Amino acid sequence: AELGAVDLDELRLRLTPAATRTDGYFTMPYGAHFTAVLVVNRPGRLDMLTVAQVAQLGHDPEELVRLAVRQTVRHELATLDVRDHELPTGASVRLLAADGNPFVTTALMSVRRFLPDDAEYGALVAAPRYSAVLLHAVDAEVEKTIAALRHLTTSMFTAATDPCTDEIFWW
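Here the structure is a predicted model, which is why all the values come from computation and not from measurement.

Engineer: Honestly, the pairing of strand β5 (residues 81-86) in this entry has me stumped. Any pointers?
Structural biologist: On a regular strand, each side chain points to the face opposite its neighbour's, so the side chains alternate between the two faces of the sheet. The sheet contact formed by β5 and strand β6 (residues 92-97) spans six bridges and is antiparallel. Bridge pairing links E86 to S92 in β6.

Listed below in structure tokens is the structure:
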């Protein structure tokens, strides 16, 4: 497809499930379960950039990725709504969200920033929507918590207008 003029200020990086079809697009694996996709954030739509389109921009691809990450953090992730919610088990889950923001999953690139300092065993992470991420610091009650987190993740994924993945990951 014709890309048209690209304003480099509109470059963003979006994390998608690794299973998402990205043939011919400029992507990079992000861990085993996600893919980082270079996109142009246009009013009302996202344009994934192809490898050929990135070459046409006349900039080093690594430089474009760094720019896209900085701009995603600055413009899309700086104003996330970050709240803790109690699960039926009494455990707490942290919700990172921004209605209509298709880049919230990119916060998975900096999970540590959103976890309490005592998360020495990592976190359970879910991205049921592109606009919402769930985090739970792994603790001794993880076996009780996982079922409640699974239920919440599945219900958010099923009801989402922007579904991402119904899987839960250990970060």
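Having seen it, we continue.
Engineer: Please clarify how the packing of aromatic side chains should be interpreted in this entry.
Structural biologist: Each aromatic ring pair is characterised by the separation of its centres together with the angle its planes make. In the structure shown here, the tally under the stated rule is one aromatic pair. Sitting above the plane of the Y130 ring, R14 keeps its charged end 3.7 Å from the centroid.

Engineer: Help me out: how do you make sense of helix α4 (residues 142-159) in this one?
Structural biologist: Each turn of an α-helix holds 3.6 residues, which means side chains three or four residues apart point in the same direction. With 18 residues, α4 should reach 26 Å at 1.5 Å per residue; the first-to-last C-alpha distance of 25 Å fits that figure. Where α4 is concerned, the buried positions are T145, A148, L149, T153 and M156. Down the axis, α4 shows its buried residues gathered within 140 degrees of arc, on one side only. Facing away from the buried side of α4 by over 90 degrees, the exposed positions are E143, K144, A147, H151 and T158.

Engineer: When you look at a negative patch on the surface in this model, what are you seeing that I'm missing?
Structural biologist: Taken together, D117, D118, E120 and D139 make up a surface patch of like negative charges. In this fold, D117 is placed in the loop between α3 (111-114) and β7 (123-129). Owing to a relative accessible area of 82%, D117 belongs among the exposed residues under this scheme.

Engineer: In this structure, what is going on with the sheet that holds strand β9 (residues 168-170)? I would like to understand it.
Structural biologist: Across a sheet, strands are paired by hydrogen bonds formed along the backbone, either parallel or antiparallel in direction. Judged by pairing direction, the sheet is antiparallel, and its five strands sit side by side in the order β5-β6-β8-β7-β9 without closing on themselves. On the outer flanks of this sheet lie β5 and β9, each paired with one strand and no other. Sheet twist, expressed as the average angle between the axes of neighbouring strands with direction ignored, equals 25 degrees. Here β6 runs beside strand β8 (residues 132-137); their pairing, made up of four bridges, is antiparallel. Bridging from a neighbouring strand, L95 pairs with L134 of β8. The sheet contacts of α4 involve β6, β7, β8 and β9, and relative to β7 the element is tilted by about 10 degrees.

Engineer: Where do I start with the pairing of strand β4 (residues 45-48) in this structure?
Structural biologist: Taken together, the four bridges between strand β3 (residues 34-42) and β4 define a ladder with antiparallel strand orientation. Bridged to N41 within β4 is L46. In sequence, β3 turns back onto β4 through a hairpin of two residues, with G44 there showing a positive phi of about 85 degrees.

Engineer: Help me understand the side chain of D162, please; the structure alone is not making it clear to me.
Structural biologist: With respect to the helices and strands, D162 occurs in the loop between α4 and β9. A distance of 2.7 Å separates a polar atom in the side chain of D162 from a polar atom in the side chain of S131. Contact partners of D162, with chain neighbours within four places excluded, come to P128, R129, Y130 and S131.

Engineer: Would you mind showing me how to read helix α2 (residues 61-77) here?
Structural biologist: Over its 17 residues, α2 runs 22 Å from end to end, which matches the ideal 24 Å to within 8%, given 1.5 Å per residue. Listing the buried residues of α2 in full gives L64, V65, L67, A68, Q71, T72, E76 and L77. On its buried side, α2 packs onto β1 (11-17), β2 (27-30), β3, α1 (51-56) and α3.

Engineer: Help me understand the pattern of salt bridges in this model?
Structural biologist: Per the counting criterion, the structure on display carries seven salt bridges. Notably, a salt bridge pairs R129 with D162, separated by 2.9 Å at the nearest N-O pair. Highlighted residues: R129 in strand β7 and D162 in the loop between α4 and β9, separated in sequence by 33 residues. Across the pair E141 and K144 runs a salt bridge, and its minimum N-O distance is 3.1 Å. Of the residues examined, E141 reaches a relative accessible area of 39% and is grouped as partly exposed. If you follow the salt bridges from partner to partner, you end up with R42, R45 and D47 in one network.

What counts and how
- Residues numbered from 1 in each chain as written.
- Predicted model: local features only at pLDDT ≥ 70, side-chain atom pairs only at ≥ 80, totals over all residues.
- Heavy atoms only, no water.
- Pairing = 2+ DSSP bridges.
- Helix = DSSP H or I, 4+ residues; strand = E, 2+ residues; numbered from the N terminus.
- Phe/Tyr/Trp six-rings, centres within 6.5 Å; stacked < 30°, edge-to-face > 60°.
- Lys NZ or Arg CZ within 6 Å of the ring centre and 35° of its normal.
- Expected span 1.5 Å × (residues − 1).
- Buried < 20%, exposed > 50% of the residue type's maximum accessible area, 1.4 Å probe, protein only.
- Arc of directions from axis to C-beta.
- Patch = residues over 30% accessible without salt bridge, like charges linked within 9 Å, V, L, I, M, F, W, Y side chains within 5 Å.
- Areas by Shrake-Rupley, 256 points an atom, 1.4 Å probe, with all protein chains shown as cover.
- Salt bridge = Lys/Arg side-chain N within 4 Å of Asp/Glu carboxyl O.
- Lys, Arg positive; Asp, Glu negative; His and termini not counted.
- Charge placed at Lys NZ, Arg CZ, Asp CG, Glu CD.
- Axes fitted to C-alpha atoms, helices over the stretch in contact; angles between N-to-C directions.
- Contact = heavy atoms within 4.5 Å.
- Polar contact = N/O pair within 3.5 Å; in protein donor to acceptor, adjacent residues only side chain to side chain.

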